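Below, each chain spelled out in residue letters.
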Amino acid sequence: MTSLDDARTLLAEFPVADGHNDLPWALREQVRYDLDARDVAADQSAHLHTDIPRLRAGGVGAQYWSVYVRTDSPDPVAATLEQIDCVRQLLDRHPEDLRPALTAADMEAARREGRIASLMGAEGGHSIANSLGTLRGLYRLGVRYLTLTHNDNVDWADSATDKPRAGGLTAFGREVVREMNRLGMLVDLSHVAATTMRDALDASSAPVIFSHSSARAVCDHPRNIPDDVLERLAAGGGVAMVTFVPKFVLQAAVDWTAEADENMRAHGFHHLDTTAEAMKIHRAFEERHPRPVATVATVADHLDHMREVAGVDHLGIGGDYDGTAFTPDGLDDVSGYPNLIAELLDRGWSKADLAKLTWKNAVRVLDAAEGVARGLQATRPPSNATIESLDG
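These lines cover the structure that appears in this document, whether it is placed above or below.

1. Thoughts on the pairing of strand β2 (residues 60-66)
- Of all seven residues making up β2, seven are buried, and the element is well covered by its neighbours.
- As paired strands, β2 and strand β4 (residues 116-123) are joined by five bridges and run parallel to one another. From the neighbouring strand, Tyr-64 faces β4, where its bridge partner is Leu-119.

2. Quick look at the pairing of strand β8 (residues 239-242)
- Across the two faces of β8 the burial is the same, with Val-239 and Met-241 and Ala-240 and Val-242 all buried.
- Inspection of the sheet shows strand β7 (residues 209-210) paired to β8 by two bridges, in the parallel sense. Paired with Ile-209 across the two strands is Val-239, which belongs to β8.
- Read from β7 through helix α9 (residues 227-235) to β8, the crossover connection turns out right-handed.

3. Quick look at the nonpolar core
- Membership of the largest hydrophobic core comes to 84 residues, with the highest contact counts inside it found for Leu-146, Leu-148, Trp-156, Leu-189, Phe-244, Leu-340 and Leu-357.
- Apart from residues no more than four positions distant in its own chain, Trp-156 is found in contact with Gly-125, Ile-128, Asn-130, Leu-148, Gly-168, Leu-169, Thr-170, Phe-172, Gly-173, Val-176, Ile-387 and Asp-391.
- Listed in part, the 22 residues of the second largest apolar core include Ala-17, Met-107, Tyr-145 and Ala-369.

4. Topic: the pattern of salt bridges
- Tallying each qualifying case throughout the model produces 25 salt bridges.
- In this structure, Glu-82 and Arg-28 form a salt bridge, with 2.7 Å as the shortest nitrogen-oxygen distance. Here the residue Glu-82 occupies a position in helix α4 (residues 76-93), and Arg-28 occupies one in helix α2 (residues 23-31), the gap between them amounting to 54 residues.
- Relative accessible area serves as the criterion here: at 30%, Glu-82 is assigned to the partly exposed category.
- A relative accessible area of 14% means that Arg-28 is categorised as buried.
- Across the pair Arg-111 and Glu-108 runs a salt bridge, and its minimum N-O distance is 2.8 Å. Residue Arg-111 and its partner Glu-108 are located together in helix α5 (residues 104-113), separated by three residues, close to a single helical turn.
- Take Glu-108: its relative accessible area is 22%, and that puts it in the partly exposed class.
- What you see here is one network of salt bridges that share partners, running through Arg-99, Asp-106, Glu-113 and Arg-115.

5. Digging into the packing of helix α6 (residues 132-140) against helix α7 (residues 171-183)
- The interhelical angle for the contact between α6 and α7, taken along N-to-C directions, is 30 degrees, at an axis separation of 11 Å. If you check the angle between α6 and α7, you find them roughly parallel. α7 is crossed by α6, and the crossing has right-handed handedness. Contacts between α6 and α7 involve Leu-132, Leu-135, Arg-136 and Tyr-139 from the former and Phe-172, Glu-175, Val-176, Glu-179, Met-180, Arg-182 and Leu-183 from the latter.
- Each residue belonging to the contact of α6 with α7 can be placed in one class, and the counts come to seven nonpolar, no polar and four charged.

Here is what the cut-offs are and how they apply
- Residues numbered from 1 in each chain as written.
- Predicted model: local features only at pLDDT ≥ 70, side-chain atom pairs only at ≥ 80, totals over all residues.
- Heavy atoms only, no water.
- Buried < 20%, exposed > 50% of the residue type's maximum accessible area, 1.4 Å probe, protein only.
- Helix = DSSP H or I, 4+ residues; strand = E, 2+ residues; numbered from the N terminus.
- Pairing = 2+ DSSP bridges.
- Right-handed = clockwise from strand over helix to strand, strands pointing away.
- Core = buried A, V, L, I, M, F, W, Y, C linked by side-chain atoms within 4.5 Å.
- Contact = heavy atoms within 4.5 Å.
- Salt bridge = Lys/Arg side-chain N within 4 Å of Asp/Glu carboxyl O.
- Axes fitted to C-alpha atoms, helices over the stretch in contact; angles between N-to-C directions.
- Parallel < 35°, antiparallel > 145°, perpendicular 65-115°, else oblique.
- Left-handed = near helix turned anticlockwise from the far one by under 90°.
- Nonpolar A, V, L, I, M, F, W, Y, C, P; charged D, E, K, R; others polar.

Structure (structure tokens):
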């Protein structure tokens, strides 16, 4: 048998529990939730990274569906509810393949049934609109992690890709973390500034996660995790889920992106502008300067380093499919996970360690958060603090 055969055999028993997939946002943007127009029961490779046949081919057994909305949404709470509704519609349409999951026990039940456990994560604290009541409402609707920020700061937490304002977490931000602990909602530190990471680790009594981040020491991008944070994450029982986005995992792609963004600004365009005129400028730049290409080995390099710093008990996978325009060679879509497992087998990772990476660690960290919540709920009522009362 080849390493790829061995990888598929392993994934049949311990499938991938992926921390972050933006399919709901892609469905919103492409077809405004017309699920007949993008029927994920069929091959959607012309439009999406994700569909059920490729999830099956990739050995995916659990997926956190991101219910992300833009930070400039005029009503982010309503938009988040629409995203949650999209996930619910997907589950209703495909019950033979997708199983609703709220707990670690639900994840294991789905694995026994041969279905894909479907959880939800809200990406960005703007989705709660500075309201702990809204946070609790999202939890009751099935959201099991909150990424504290997206690309922009929120009023109570600094993002990795915005100018520092709070210096990490404010007093209200720490209260958000404590209330998440009381609920059993995982604190997700992808996208946040390193100062916010450290403050959240100080504030949290439950293990935290990074749903889709890689190693800062391997690729120097602010979206990635510094080694001291990886060490603290492990000490607290958390899990860091490596992401595949080339501009976060390949240093040459980081540098290329910075040059491409500067070229856009020099021509009078915002670096995220996708109008026809802006894309003409971008394509001309790419013709002169070909885009660097990440590979399966690029991602494996991050996992090797993260294992050395944090230990294999604290690693997972969060591909960020349908949330990125570009993917590494060999990890082109959700069918590619066996290629990564085969690469790690060739590097000497044991099957027992790979079972932790793909499945066991993700289940354990949710179970641990549930355990902390049971204890806190016995001693602490819901918090009705406001940002005005705590931050002034």
